[in-house]
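Structural description and commentary
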Amino acid sequence: MPRTPSRRTVLRGLTVTGATVIGFDTAARSWAATAPESGADLARVPRLDGTLVTDDASLTAAADDYGHIVHRRPAAVLRPGSVRDVVTMLRFCNDQRLPVAPRGQGHSPFGQAQAQGGLVVETASLADIGPVDTSGRTVTVGAGAKWSAVARATLAHGLTPPVFTDYLELSVGGTLSVGGLGGQAHRVGAQVDNVTELRVVTGAGELVRCSPTRRADLFHAVLAGLGQCAVIVEATLRLVPAPQTVRRYQLTYGDLETFLDDQRVLVREGRFDYVEGQVHADAAGAFGVHVLEAVAYGPPVGPAPDDTALLRGLRHDPASTQIVDQPYYDFLDRLAPLIAAMKEAGIWTFAHPWLNLMLPGGSAAALGAQVLGGLTPAEAGPGAVVLFYPLLRDRLTAPLLRTSDDDVSYLFDVLSAAPADDTAAVDRLLAFNRSAYDAAAAAGGTHYPVGSIPLTPADWRAHFGSAWAALASAKCTYDPRGILVPGQGVFG
């Protein structure tokens, strides 16, 4: 999906806040709009199709994210006009040993996509969606494309990516860098398990096309690799036939163990296409209401849902059962009204010290009860959400997407919120997250790396376990100067 830039675009690419950028002052470690004093070392800025900006508003925005907790200010922000810009600037930053971080929708909660004193690459402009290959059932999209746009484009042909995160307004490159989990993952794997090919730019500035059969070491180091070896610029996604409508079931349980046991039954038997669950506050102000959400896809993907067969043997409260039919895309985008309400209420701008754990199936109930027993809904903050997603280990094939060794693991999310200026509350929640992570790790679990847990390089090595050696080797090969995505803290 190449673009041919105009001469005006090329010239604009060399402009910073109205002044022509002539280079990078290696002594002052800053971009230079005027010639430095005699004797200073100036690295000339290459031509760009997009824009390189250093204005205060752009740098301040790039030093923030959805978490509003960590603030690392870059030296510049690249808004690429082409993939070539990403190649050019990564080569430049590699030569100058400048840290680089790609940023999609800025939804990281803990500074993961920030680069102190370096370059942030905003991928939103790399959002092309190529023609849908209806025979091969694939589509090639830019890393900055939102999943909502991908879904709409493919549904026009009766096809869909097989798995979505619950929030659709995330970038393809962003979720593929961490894994991309949703309620469909127990059947079809994560988003990273449904990629057939990638185009990436390595830390050394090499543009590479990789797949399971071509530069496979790089392919597997990028998917769920937290941006440590390369920046995704394009992905080819697998597609499957899409249903026209779905039937959603919400089933209420009085205790956590029964709730999780029934989730386990459903994913092992494959009764539903989507399974997750939430835990809400009860009348006593504790996390005591458990709601299992299960979704069956209708024609042309499957038969009309049979309520009796689908719910047989489950131990929910039948009096509280809710069943609703809705169009498939409306189901995918079901969070849109909630997000709009959060923005209207100002909660979107709160700090979001999120906890995201992978719990072993055998101890999930005990661990979940321990964590939720140490936190009240009031302490979790306004708009806080608690989620459980049951996952089958054999469906998750990407080496760097880590789970427990049990055949069923649970993604357990406590999505807390606090006023950004209430540092005491934020610090308490971060300490809570670390304690919960330690308990999960001691029981054979780990974390899903989209949250706010203070981690050390030793923690990361333990997290990746048997996959660590391959990741470290790929890091040395493809990002030998270690410039990529320092905000994750994987290698120190």
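Residues numbered from 1 in each chain as written. Predicted model: local features only at pLDDT ≥ 70, side-chain atom pairs only at ≥ 80, totals over all residues. Heavy atoms only, no water.

1. Considerations on the sheet that holds strand β16 (residues 245-253)
On the basis of which strands lie adjacent, the open sheet formed by 8 strands has the order β19-β16-β18-β17-β21-β22-β20-β23 and antiparallel pairing. Edge strands, defined here as strands with exactly one partner in the open sheet, are β19 (322-327) and β23 (446-447). Sheet topology note: the strand β21 (residues 385-392)/strand β22 (residues 408-415) ladder contains 8 bridges and is antiparallel. Residue pairing in the sheet places Tyr389 in a bridge with Leu411 of β22. (Pairing = 2+ DSSP bridges. Helix = DSSP H or I, 4+ residues; strand = E, 2+ residues; numbered from the N terminus.)

2. A closer look at helix α14 (residues 423-442)
When the terminal C-alpha atoms of α14 are compared, their 29 Å separation across 20 residues agrees well with the 28 Å that a helix rising 1.5 Å per residue should span. Of all the positions in α14, only Ala425, Val426, Leu429, Leu430, Phe432, Asn433, Ala436, Tyr437, Ala439 and Ala440 are classed as buried. Once α14 ends, the next one or two residues include Gly444, with phi positive near 95°. (Expected span 1.5 Å × (residues − 1). Buried < 20%, exposed > 50% of the residue type's maximum accessible area, 1.4 Å probe, protein only.)

3. Structural notes on the pattern of salt bridges
One side chain can pair with another of opposite charge once the charged atoms of both are near each other. Summed over the entire model, instances satisfying the criterion amount to 22 salt bridges. Note that Asp262 and Arg315 form a salt bridge whose closest N and O atoms lie 3.1 Å from each other. Here the residue Asp262 occupies a position in helix α8 (residues 256-269), and Arg315 occupies one in the loop between α9 (307-311) and β19, the gap between them amounting to 53 residues. For Arg315, a relative accessible area of 48% gives the class partly exposed. Across the pair Asp479 and Lys475 runs a salt bridge whose closest N-O atoms are separated by 2.7 Å. Linked by salt bridges that have partners in common, Glu197, Arg199, Arg209 and Glu234 make up one network. (Salt bridge = Lys/Arg side-chain N within 4 Å of Asp/Glu carboxyl O.)

4. Focus: the side chain of His447
On the secondary structure map, His447 appears in strand β23. On the basis of relative accessible area, His447 is assigned to the buried category, the value being 3%. Leaving out residues up to four positions away in the same chain, His447 has contacts with Asn356, Leu357, Met358, Tyr437, Ile453, Leu455, Trp460 and His463. (Contact = heavy atoms within 4.5 Å.)

5. Quick word on unusual backbone geometry
Note that the residue after Pro299, namely Pro300, is joined by a cis bond; omega there is 5°. With respect to the helices and strands, the residue Pro300 is situated in the loop between β18 (287-297) and α9. At Arg137, a residue that is not glycine, the phi angle is positive and equals roughly 55°. Checked against the element boundaries, Arg137 lands in the loop between β9 (119-122) and β10 (138-142). Relative accessible area serves as the criterion here: at 39%, Arg137 is assigned to the partly exposed category. Positive phi, normally seen in glycine, also occurs at Val485, with a value near 45°. Structurally, Val485 is set in the segment after α16 (468-478). Of the residues examined, Val485 reaches a relative accessible area of 6% and is grouped as buried.

6. Some remarks on the packing of aromatic side chains
Applying the stated criterion across every chain, the model contains 14 aromatic pairs. On the basis of an interplanar angle of 80° and a centroid distance of 6.0 Å, the ring pair of Phe259 and Phe388 is categorised as edge-to-face. Residue Phe259 is found in helix α8, and its partner Phe388 is found in strand β21; the two are separated by 129 residues along the sequence. With relative accessibility at 0%, the residue Phe259 sits in the buried group. By relative accessible area, Phe388 is classed as buried at 0%. Put simply, the rings of Tyr66, Tyr167, Trp348 and Trp354 pair up and form one aromatic cluster. (Phe/Tyr/Trp six-rings, centres within 6.5 Å; stacked < 30°, edge-to-face > 60°.)

7. Remarks on the environment of Thr397
Among the secondary structure elements, Thr397 is positioned in the loop between β21 and β22. A sequence separation of 128 residues divides Thr397 from Glu269, and the C-alpha atoms of the two residues are 20 Å apart. Here the side chain of Thr397 touches Asp193 through a polar contact of 2.8 Å, side chain to side chain. (Polar contact = N/O pair within 3.5 Å; in protein donor to acceptor, adjacent residues only side chain to side chain.)

8. Points about the pairing of β18
With 9 of 11 residues buried, β18 is to be regarded as a mostly interior element. When β16 meets β18, the two strands line up antiparallel, connected through 8 bridges. Directly across from Arg248, in β18, lies its bridge partner Val295. Counting the residues between successive antiparallel strands, the hairpin from strand β17 (residues 274-281) to β18 contains 5 residues, one of them, Gly285, with a positive phi of roughly 85°.

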